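Below, each chain spelled out in residue letters.
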Amino acid sequence: MLKDQTMSVVLDGSPLKAMQSSHTHTAQTALSGQELSQEIKSFISGIDTVQGRKLSVREHARCAVRLLRSVPACRGAVLEHLRGVYDEHVSAFLHNLETESDASSGVSSNLEDIIQEVHGVLSEFICLNPRAWAPLVSTWAVDLLGQLSSKHAGRRVAPHSSSLNELLQLWMSCAATRSLMEAYSQSLAAMLSWCPDACVDALLDTSVQHSPHFDWVVAHIGSAFPGTIISRVLACGLKDFCSHGAKEQGLMVMVGDKGSRVPKIGSVVGILGHLAVHHSDSIRKELLRMFQESLSPSSPLSPTSSSTSWEGSPQLRRAAVPFLLQLAAMSPNLFGAVSAELVELLRPPVLLQLQALLQGLPREELDNMLGLAVHLISQSPSGGSRVLRFLADTATPASVIISGPTPSPHEGVREGCDRLLQMLLLHLHKLVFNRSDGAEVNPHHPALSQPKRLIPFLEELQSHVGELCAQTLRLERKRHLWLHQLLCLLSVYGGPSVATEALCQLLTQAHNPEELALAWQLHTTLSSCMAGLIPAAVSRCVAQIHTHTLGPRQLRQLLLNLAAAIESQDGERRGGAAAGVQASMAIQMGSAVSGHLHDFGPLLLHGDSAVSHATVRLLSCSPLPRASSPAHLLLLSRAAVTHFFMGLRRRVESGKVGRDGGQACEAVNCSVVLLSRLAAYSPLTLKAVLQLLVEGALHKGNTGLFGGQMADMSGAPLPSASVSRDIGASLLDINCRFGTVVNFSGSVWSVFHAGVIGKGLKVRTETQLPDPSGVMQNVQTLLTVVVQCCSSSGFDGSINSSRPPSDPGEPLAINAEAAKVIAVTLVENVCPDVANGELSWPPEEHARTTVERDIHIRRCFEAHPVLFPLLQVVAAGRPALCYCSAVLRGLLATLLAHWEASRETLSTDDPWHLQASCLLVSCMGEGQLLPPVLANVHEAFPHLTPFEVRLLLLAVWEYVRGNGPMPQKFAFSSERGLFCRDFSRDGDVARYVAPIQSVLHKNIDRLGHLCWRFQL
Amino acid sequence: MGDIRQSLLPRDVLSAAKELLYHLDIYICNVVQSGRQPPQVDSKTQELVEEFILHAPKDRNTPARRMSALQELQLLEIMCSCFQEQSRDTVRQLMFSALFNLQGNQADESRMSLLGKLVSMAIAVGRVPILECAATWLQRTHRGYCVRLAQVLVDDYCSMVPGSGPTLQNIHNASPRFCCQFITAVTTLYDLTTEELTPPLELLQMIVSWIQEDPGLVLINFLNTALSGNQPISSLDVTPLGGLMRWCVKASLIYSRDKKKGLTNGSAECELEVGPLFSALHLSVLQVLMLLPNILNEKGLFGRLALLQVESLAALTSDLSRLLDQADKHTHTSSTDSSDLSELALDRLAQALQVAMANGALLCSREDLRAICSRLPHNNLLQLVLSGPVLYYNNIHTPPLAFSPHASHSPIASHPTHTPHPPLASSHPQYPAQPFMTGMQFPFRPSH
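Note that the structure is predicted; figures quoted are calculated from it, not measured.

Visitor: Hey, could you run me through the overall build of chain B in this one?
Guide: In terms of helices and strands, chain B carries 19 helices and 0 strands. The proportion of buried residues among the 448 residues of chain B is 55%. Considering only contacts within chain B whose residues lie at least 6 apart along the sequence, 80% involve residues at least 24 apart.

Visitor: For this particular structure, what's the right way to read the overall build of chain A?
Guide: Scanning chain A from N- to C-terminus turns up 47 helices and 2 strands. Counting only residues that meet the buried cut, chain A has 50% of its 1016 residues in that class. Across chain A, contacts joining residues at least 24 apart in sequence account for 76% of those joining residues at least 6 apart. A total of about 46,000 Å² of accessible surface is found on chain A, and carbon and sulfur atoms cover 58% of it.

Visitor: I would appreciate a short explanation of the packing of aromatic side chains in the present structure.
Guide: Here the distance between the centres and the angle between the planes together describe a pair of aromatic rings. Counted according to the given criterion, the structure contains 13 aromatic pairs over all chains. Between the aromatic rings of Y86 of chain A and W140 of chain A, the centroid separation amounts to 5.7 Å while the plane-to-plane angle is 90°, which identifies the pairing as edge-to-face. Residue Y86 of chain A is located in helix α6 (residues 75-99), and its partner W140 of chain A is located in helix α8 (residues 130-151); the two are separated by 54 residues in the primary sequence. Between the aromatic rings of F645 of chain A and F706 of chain A, the centroid separation amounts to 6.1 Å while the plane-to-plane angle is 85°, which identifies the pairing as edge-to-face. Residue F645 of chain A is found in helix α32 (residues 630-654), and its partner F706 of chain A is found in the loop between α34 (683-698) and α35 (721-725); the two are separated by 61 residues along the sequence. Grouping residues by exposure puts F645 of chain A and F706 of chain A together as buried. Taken together, F644, F645 and F706 of chain A form an aromatic cluster joined through their ring pairs. For the cation-ring pair, K299 of chain B lies above F222 of chain B, with the distance from its terminal atom to the ring centre recorded as 4.8 Å.

Visitor: Help me understand the pattern of salt bridges, please; the structure alone is not making it clear to me.
Guide: Two side chains that carry opposite charge are able to pair once their charged atoms sit near each other. All names here are of chain A. Overall, the coordinates contain 29 salt bridges over all chains when judged by the stated rule. Between R66 and E39 there is a salt bridge, and its shortest N-O distance comes to 3.1 Å. One end of the pair, R66, is in helix α5 (residues 57-70); the other, E39, is in helix α4 (residues 33-45), with 27 residues separating them in the sequence. Exposure remark for E39: the relative accessible area of 14% places this residue in the buried category.

Visitor: It is not clear to me how the interface of chain A and chain B should be interpreted in this structure. Could you clarify?
Guide: When the parts come together, some accessible area is lost, and that loss is often what is quoted as the size of the interface. Taken together, the contact pairs 31 residues of chain A with 26 residues of chain B. Both faces considered, chain A and chain B share a buried interface measuring about 2,600 Å² in area, 68% of it formed by carbon and sulfur atoms. Linking chain A with chain B are 2 salt bridges. Taking the shortest distance from any N to any O, the salt bridge between E77 of chain B and K41 of chain A comes out at 3.3 Å. Taken together, the links from chain A to chain B amount to 8 residue pairs in polar contact (both at pLDDT 80 or more). Sorting the residues of the side of chain A that touches chain B by element identifies α1 (2-12), α2 (15-21), α4, α5, α6, α7 (107-128) and α8 of chain A as the ones contributing at least two each. Among the elements that make up the side of chain A that touches chain B, the one with the highest residue count is α4 of chain A (7 residues). Looking at the side of chain A that touches chain B residue by residue, the class counts come to 19 nonpolar, 7 polar and 5 charged.

Visitor: When you look at the nonpolar core in this model, what are you seeing that I'm missing?
Guide: In a soluble, globular protein the nonpolar side chains are often hidden away together inside. One finds L693 of chain A together with I53, F178 and F182 of chain B to be the most contacted residues of the largest nonpolar core, which totals 441 residues. Element by element, the count of residues in this core is highest for helix α15 (residues 263-295) of chain A, at 13 residues. If sequence neighbours within four positions are ignored, F178 of chain B has contacts with V119, I123, L131, A134, A135, L138, L153 and I171 of chain B.

Rules of the game
- Residues numbered from 1 in each chain as written.
- Chains lettered and ligands numbered in written order.
- Predicted model: local features only at pLDDT ≥ 70, side-chain atom pairs only at ≥ 80, totals over all residues.
- Heavy atoms only, no water.
- Helix = DSSP H or I, 4+ residues; strand = E, 2+ residues; numbered from the N terminus.
- Buried < 20%, exposed > 50% of the residue type's maximum accessible area, 1.4 Å probe, protein only.
- Contact = heavy atoms within 4.5 Å.
- Areas by Shrake-Rupley, 256 points an atom, 1.4 Å probe, with all protein chains shown as cover.
- Phe/Tyr/Trp six-rings, centres within 6.5 Å; stacked < 30°, edge-to-face > 60°.
- Lys NZ or Arg CZ within 6 Å of the ring centre and 35° of its normal.
- Salt bridge = Lys/Arg side-chain N within 4 Å of Asp/Glu carboxyl O.
- Buried area = accessible area lost by both parts, 1.4 Å probe.
- Polar contact = N/O pair within 3.5 Å; in protein donor to acceptor, adjacent residues only side chain to side chain.
- Nonpolar A, V, L, I, M, F, W, Y, C, P; charged D, E, K, R; others polar.
- Core = buried A, V, L, I, M, F, W, Y, C linked by side-chain atoms within 4.5 Å.

Dropping the structure here:
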């Protein structure tokens, strides 16, 4: 409003109006020359010349005002006199405050009205003729303000200069200073339209002169005219900067000495710093505007170059960018305000302009600016990652292929950024490595060698390690080199935690060997100054796994990467190259991972197959820890076995074709490797693994894999759907049900439930036949695992190590103890009843007492075809088959019963029983429970009638009964590496061969070719 | 007198100045009484003045002593009374020149500033002797400094202190000589080339009222001065006639231009007020010119002394043609208005030329005049004037007196506000050269 008023007066430019508006004072102006002369005399002497008495302060001031109105030549003197009046008032004011006398209506109020009067006159003059009076009054007011605030700064009531608000409050409550402030504001408002620079110049000068005490004035003015003051202050600073020359200033700041040699820019920074509290937005806008306008091509006709004048001068425009840099270097606040948006502004066209602008500068100035920019970036507390991305983006040559949505920047711009980035890295490098032991490294700059110095840029980037790693891994030309270097610096700067984080991120995010190699490079660089990086990184990875921060894909990648890392060791070794850094790293990695096996174990059972696959890969290649708690091992074993079966199932489901199939196969293979390694690790694990494997193979859920069926083992009637749903068991129901009231199982009182009379045999559950080839494969795999586990004995490492699998054709030797584990597990699972579990066989008649158990055993075999191969494995591990005695007996007993009752003409009519009989006998032969003669009888079975088969089996029974399957009958033969039974020590075999001979005779026409098999 | 320096040195600034003034007074009285010719102060005294009154730094080692504004005011007051009380004109005059005559050294700045304040104060409190001295000073000093003094006064009374205009108005009564010199200085200062160099309205009104009231005021300096050849180089003109004529001719164009620049309503009002003022001023100028023949004849200078210089006339016409050119460019839309104004300017020029030539204020032949005016666009009246009858001087063949300050100093005065003009021969491309019709009869005859 004030401004409008003054503006209109300016434009009117008519002193006539002024005269009219000031007609109220005509009385005073009409003084004659004589009177005026008297008046001047009074003013000079301070004595009323007419009455000859001394003038009071008030009257003296009145006299001064009259002279101001009428004698132009007295202007300077009057203003000077008024300084004293104002000063007196301030003194009185402060004195009143200090003595806290409420009677403030003393001297100060008297002066207050004269100050009001003076203020009125001055403001009237400014209104009437702003061009003449505003510069005068503004300088006077600012100078006086500075003087007053300095002079009274030490007073008791005056708050400390740092508490700006209190200071402001105090001074604005004082009439004199308030009036001065208002007068200055008015002048400023008037001058803004035509010569704002002079006004702000005065402000700046005074601010420098009375530095801390004058700040409240600047703050007040600044907040009254934020927009204009800010731009003015900037423009003034720029001009001053331009005239002082940027060079020495730049050097000075680089050295870190913000001395008093650059007064203007110092106070510019100070003032903007004050204003930043409330007007940071406009400051930012102003700074950015300055930047932009300094770039935009000079257009003298542009009407937007409103009030400021610096846009017009090419020299100033050129200095603007260095000036802004300088400003930013001196004030972190300002820098922080601008830096974020500045990067956004730097679009390609702007960059081009910038380049064009900077091209004109001399070399050393450019270098200076570069140094300054680097310094600034390294000191920027926020937005560092954005700056970095921008620099890297711009500096990376955009090829035709990569060119993104933005057009590729100019070559010069690109080079500039390239250079800037390299300088930045160099600078950071210096900072980082001088930080700890700078004294030795750089004796020339002792200032830099402070023991622990923060580097804000790196501080901030520490939280962006993940992003950095991700970008590094993109492997884009130069960019990844830079970023990699930066990562190294960051790691060194941040210490082990950051280094660990970086390595961990790289490990997590790498997708292929090349990318993974970056991790190794990083480690190589860092390993010299940091120990234990890899274990820490692995621990970090594990922690990530535990906190579930990784998605399945990332998790999988991490596991694969770890695996690859460990495997690289093998590759190195195989390659025969000197055990390089990588190998040692791989070893470290291996040991680190092995320490966390139990953490990885659960991942085997991860819902995502890819993850579990990756896990198994990792585990299969990772070395096992030297010492590990049994609990962990058992857990791991359980998980591994479970995973094995899952793998099998997945393989079946996925089929053989396609990627999934291949992956599933690989997973199974890895699983096999893992299991065999686990088994070889210790007796405990061997036992656990085998046990779990067997149990797993026989588990209901897995039967399908091995061609088995869900068999109804209990023999009890299938519960109807309605009953099964009824959870609350009713005793009445149970009692009503036949055969369940008393449990006869295991006793002679067995009751068999074959069905309800009149309804035929009980219906067996329907099962679909599994794919025979798949079944075959699964069985093979299982056997492979089992055999490998058994042969890589954890009991006796010497055997295995002395006989490495050098000859793949030779069957692996089955470890006896391992076989025993299988045997025992089999028995536990197949034969639920421990009664009659002794090894030696009773007479065949006694089998009747165990009919129920025997039937259970037979059903087990029916349901789990895989039992036979397992038995074979056991048989191979002599004398372990002995421990299966009960199972064998039970099976044989049911077979005998079957063949006895069979009314078929040929044994081949009962295929399952025939096969079972053959396998049983051959197994017993393999396990050396039978001598070869008896063991060969199964060859004849297919050609015989059921009864004859029974005869032969009976002979087998008799033999075993006569010659009990006792492990102690076996002796270790060292040349074969096996346990063997010497049948000659047993009783005469011929006794048991008689039925065979008879059968041979009877069927000589068909069995002639087998005769030789039964020679004693 | 140089021996008092040692006694002055330990004094404070004000009392030293006072004491020096006192001694100076005595010293000058002595000089005048001794009858030395020419009466002037020696360089020692001059140095003392510079050191203790003007506070010019004596050498680099001693920092210049400064007076506060209050002390300065006291000093001015003392000076005022000092001049007032000195009854002898010669002493006063000598004292004034000892204090304020420019020496061409670095003290001149403070000299000028002190002089400005002193004169301003003298106007305020009506100290006639000081004004008289100042009038003499204005006559003898280079016009650049005269203009500065005028500037200070105009600033003080027409812009800084509202309502102080009447005080300035009074100088007409107090010291007509000073008033006349002031007008000359002001017209030299405000040559209407830029907006800043346009006189404030208040000042304009004042001047017009002065001249209207007393046309002889313009010539008062001319009348009172013994014309001699030793007029200082580049001093102000003897009369403000040339400057006033320039104002009248250019005014219509200048104010219309300014009106276009200033878009607010204020200037229209201004225009309304200014137009009649300049008409009145033009009339006054013509009337003053008409007064000339008697005076010149009395002095026996008719036809020998040119009060208007041909050079300044040439500058005026070239300015005018430039202005007309600009006006034409800028205002092709409202052409009637601008052509009216152009016609007015050319008419006034023609009238002034005719009257000046007829009354012996301008001494040049029609051919010269035609050459000078060749670049101006066609104007009926001007055409008539240019083709007019042969002027009769009393003694046309006698060469003019070498009175003009410019004569020894041709071609154009070295006044800072004047720019060198292009050679007159080159005719303006846009306007057809003023055709000269030989056979045309000129009906107007001067009355004498």
